[in-house]
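Residue-level structural notes
Now for the letters of each chain:
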Amino acid sequence: MTTATSLEDRAARADAEDPLAPLAGRFLLPEGVIYLDGNSLGPLPAAVPPALADAVGRQWGTDLINSWNDNGWWQAPLRIGDTIGRLVGAAPGQTVAGDSTSVQLFTALGAATALRPGRPLLVTDPGHFPTDRYLADAVARRHDGMEVCRVPPADLEPFLAGHGSRVAAVSYSPVDFRTGELYDMAALTEATHRAGALAVWDLCHAAGAMPLRLDALEVDLAVGCGYKFLNGGPGAPAWLYAARRHHDALDTPLTGWNGHAHPFAMHRDYTPAPGIARARIGTPPILSLLALEAALTVFEDVDLSELRAKSLSLTDFFLTCADELLTPLGITPVTPRDPARRAGHVALRHPHAHGLTRALADRGVVIDMRAPDLLRFGVNALYTTHTELLTAARHLRAVVRESAYDPAPPRSGPVT
Ligand SMILES: Cc1ncc(COP(=O)(O)O)c(C=O)c1O
Ligand SMILES: Nc1c(O)cccc1C(=O)C[C@H](N)C(=O)O
């Protein structure tokens with residue numbers, strides 16, 4: 001059995017040998033805080049404040065409306081979309097940034113069902129993030145006779161064997177937002193295509209955390225947010241990917257004037273722009289887009305395979321810490337041990353998850369919880385260290401041993 005000292009040694013050695021350690025300097029992380037909630041809100045990249053100051057002071061303040069042309073505001077959704085595309089394995093011209101993930105999901109699901117007329121089933125994961133489930137229902141309600149089928153990823157193949165010819169699209173996330181389990185995106189996409197249906201992926205918990213291969217897997221549509229592993233800030237614009245082969249037929253449900261072929265001709269009727277530009281909707285949130293663009297510079301010269309390798313080392317080490325220090329106290333890991341099935345956060349189960357999360361925050365360890373009983377520890381290989389994870393585990397152990405937490409369940413209201 002590993003001794004407590006050897007956990008410290010192992011953490012120190014892994015951190016000392018970490019080639020990505022200098023990347024933490026690209027963030028303005030507060031002193032004395034161990035931040036393990038970047039899977040919900042990424043921290044502030046150092047490049048963002050000067051970029052925002054320039055966007056406000058010079059571009060908006062001085063150049064005013066000329067900025068739409070002179071400072072590249074009009075092209076920002078497509079330019080930033082391409083930058084995100086590089087992180088998710090998408091060639092240029094297939095990704096657009098803007099709006100919220102929820103709006104982009106509505107667009108993706110609406111467009112996917114329109115691309116498969118005559119197929120009345122929309123498959124989603126019963127464990128999917130709520131907005132994905134609600135929007136699948138919303139899209140189905142708008143199509144006569146369309147039905148949402150809630151099929152866990154593990155049951156997709158047998159479901160498609162029986163009903164595949166009636167399925168328009170399968171809408172999944174490769175990462176379970178509660179447990180951090182990673183599903184096999186390649187196999188699920190392939191199974192979906194064998195049935196003649198379209199694969200729609202929500203990559204909120206994957207983009208920026210691991211290499212993704214949207215083009216190579218022939219994914220049809222994908223969305224993701226800008227505020228988790230992309231570190232674009234609270235409410236950062238989301239993004240939509242649509243494979244080039246679908247562009248000409250892409251019929252998006254929100255046909256705003258920014259997606260028109262000639263937006264400034266102010267035509268009476270809508271004609272979609274060629275390419276991914278037709279997925280633009282209305283005037284984009286320029287300040288947020290420019291903050292996101294600056295945040296994405298963090299990834300310049302970063303090899304996503306190296307990032308993923310470090311992320312796996314961090315989550316593996318944290319699971320070892322949990323085995324040694326926490327399981328004996330009744331805190332049980334629920335995230336899979338198999339690295340192929342583990343994404344960017346680790347979830348531990350304890351009936352007083354809410355009180356423990358608050359007690360850790362008082363000790364400078366920021367995590368979050370998902371009701372009723374999951375503590376989520378988000379690692380981000382851009383800045384998290386093995387030593388921080390060990391320190392977090394030790395704090396949690398101390399809090400539980402000393403019963404230094406409030407066992408009351410959370411009050412209603414937002415629990416981040
Ligand atoms: C998988 C997933 N999809 C969507 C969202 C959120 O959507 P939105 O950015 O519209 O709030 C989240 C988290 O908030 C998420 O985890
Ligand atoms: N999007 C969030 C928000 O606006 C407030 C608080 C938390 C969030 C989240 O990102 C939740 C997150 N998607 C989750 O995995 O639970």
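- If you check an unreviewed UniProt entry, the protein chain appears there as Kynureninase from Streptomyces pyxinicus.
- According to UniProt, the comment filed for the protein chain under the heading Cofactor (unreviewed entry) is "pyridoxal 5'-phosphate".

1. Let's talk about the overall build of the protein chain
- Helix and strand counts for the protein chain stand at 12 helices and 13 strands.
- The C-alpha radius of gyration computed for the protein chain amounts to 22 Å, which stays within 12% of the reference 22 Å derived for 416 residues, consistent with globular compactness.
- Each principal axis of the C-alpha atoms in the protein chain carries an extent, and together these give about 70 × 60 × 40 Å.
- In the protein chain, which comprises 416 residues, the share counted as buried stands at 49%.
- At a minimum sequence separation of 6, the contacts of the protein chain that also span at least 24 residues come to 72%.

2. Some remarks on the site of ligand 1
- Taken together, 13 residues are adjacent to ligand 1, and Ser-100, Thr-101, Ser-102, Phe-129 and Cys-204 come closest.
- Sorting the residues of the shell around ligand 1 by element identifies α5 (101-115) and α6 (130-141) as the ones contributing at least two each.
- Looking at the shell around ligand 1 residue by residue, the classes come out as 5 nonpolar, 6 polar and 2 charged.

3. A closer look at the packing of α5 against α6
- It is the contact of α5 with α6, at a shortest axis distance of 9 Å, that shows an interaxial angle of 40°. The orientation of α5 relative to α6 falls into the category oblique. Note that α5 runs across α6; the crossing there is right-handed. Mapping the contact onto sequence places Thr-101, Ser-102, Leu-105, Phe-106, Leu-109, Gly-110 and Thr-113 in α5 and Thr-131, Asp-132, Leu-135, Ala-136, Ala-138 and Val-139 in α6.
- Grouping the amino acids of the contact of α5 with α6 by side-chain chemistry returns 7 nonpolar, 5 polar and 1 charged.

4. A word on the sheet that holds strand β10 (residues 345-349)
- Strands sit in the order β9-β10-β13-β12 across an open sheet of 4 strands; the sheet is antiparallel. If you trace the sheet from one side to the other, it starts and ends with β9 (332-333) and β12 (368-370), each paired once.
- The pairing of β10 with strand β13 (residues 374-378) spans 5 bridges and is classified as antiparallel. Across the sheet, Val-346 pairs through a bridge with Phe-377, a residue of β13.
- Against the sheet, helix α10 (residues 304-326) engages β9, β10 and β13, with an angle of about 20° to β10.

5. Brief notes about the sheet that holds strand β5 (residues 167-172)
- Pairing is mixed in the open sheet, where 7 strands are placed in the order β2-β8-β7-β6-β5-β3-β4. Unpaired on one side and paired on the other, β2 (95-97) and β4 (147-150) mark the two borders of the sheet. The mean inter-strand angle of the sheet, taken between neighbouring strand axes irrespective of direction, is 15°.
- Taken together, the 4 bridges between strand β7 (residues 221-224) and strand β8 (residues 239-242) define a ladder with antiparallel strand orientation.

6. Regarding α10
- Here α10 spans 31 Å end to end across 23 residues, near enough to the 33 Å set by a 1.5 Å rise per residue.
- Within α10 the residues assigned to the buried category are Leu-307, Lys-310, Ser-311, Leu-314, Thr-315, Phe-317, Phe-318, Leu-319, Cys-321, Ala-322, Leu-325 and Leu-326.

7. A closer look at the nonpolar core
- One finds Leu-109, Val-200, Phe-318 and Ala-393 to be the most contacted residues of the largest nonpolar core, which totals 128 residues.
- Among the elements that make up this core, the one with the highest residue count is α10 (9 residues).
- Residue contacts for Val-200: discarding those within four places in its chain leaves Ala-108, Leu-109, Ala-112, Ala-169, Val-170, Ser-171, Asp-220, Leu-221 and Ala-222.

8. Focus: the confidence of the model for the protein chain
- A residue-level look at the protein chain finds 97% of positions with pLDDT of 70 or above and a mean pLDDT of 96.
- For this predicted complex, the interface confidence score (ipTM) comes to 0.98, while the overall pTM stands at 0.97.

9. Looking at the pairing of β13
- Counted residue by residue, β13 has 4 buried out of 5 residues, so it is predominantly covered.
- In this structure, β12 lies alongside β13, joined through 3 bridges in antiparallel fashion. When the bridges of β13 are listed, Met-369 appears paired with Leu-375.
- Taking the residues that link successive antiparallel strands as the turn, the β12-β13 hairpin has 3 residues.

10. Quick notes on helix α2 (residues 48-63)
- Along α2, the sharpest kink reaches roughly 30°, centred on Ala-55.
- Restricting attention to buried positions, one finds in α2 the residues Val-48, Ala-55 and Gln-59.
- Taken together, the buried residues of α2 touch α3 (67-70) and α9 (286-296).
- One or two steps after α2, the chain reaches Leu-64, where phi turns positive at roughly 50°.

11. Some remarks on the environment of Ala-279
- Residue position: Ala-279 is located in the loop between β8 and α9.
- Given 32 C-beta atoms within 10 Å, Ala-279 falls into the buried group.
- Placed 23 residues apart in sequence, Ala-279 and Gly-256 show a C-alpha to C-alpha distance of 8.8 Å.

12. A short note on the domain arrangement of the protein chain
- What the domain assignment lists for the protein chain is domain 1 (4-31 + 302-401) and domain 2 (49-299).
- The distance between the C-alpha centroids of domain 1 and domain 2 comes to 30 Å.
- Listing elements by their share of the side of domain 1 that touches domain 2, those giving two or more residues are α10 and β10.
- Tallied by class, the residues present in the side of domain 1 that touches domain 2 amount to 9 nonpolar, 6 polar and 5 charged.

Definitions and cut-offs
- Residues numbered from 1 in each chain as written.
- Chains lettered and ligands numbered in written order.
- Predicted model: local features only at pLDDT ≥ 70, side-chain atom pairs only at ≥ 80, totals over all residues.
- UniProt positions renumbered as here; feature names shortened; annotations may be inferred.
- Helix = DSSP H or I, 4+ residues; strand = E, 2+ residues; numbered from the N terminus.
- Rg over C-alpha atoms; globule rule 2.2 N^0.38 Å.
- Buried ≥ 20, exposed ≤ 12 C-beta atoms within 10 Å, placed from the backbone.
- Contact = placed C-beta atoms within 7 Å.
- Near = placed C-beta within 6 Å.
- Nonpolar A, V, L, I, M, F, W, Y, C, P; charged D, E, K, R; others polar.
- Axes fitted to C-alpha atoms, helices over the stretch in contact; angles between N-to-C directions.
- Parallel < 35°, antiparallel > 145°, perpendicular 65-115°, else oblique.
- Left-handed = near helix turned anticlockwise from the far one by under 90°.
- Pairing = 2+ DSSP bridges.
- Expected span 1.5 Å × (residues − 1).
- Core = buried A, V, L, I, M, F, W, Y, C linked by C-beta atoms within 7 Å.
- pLDDT = per-residue confidence, 0-100.
- Bend = angle between axes of the 7 residues up to and from the residue.
- Domains from an automatic or database assignment.

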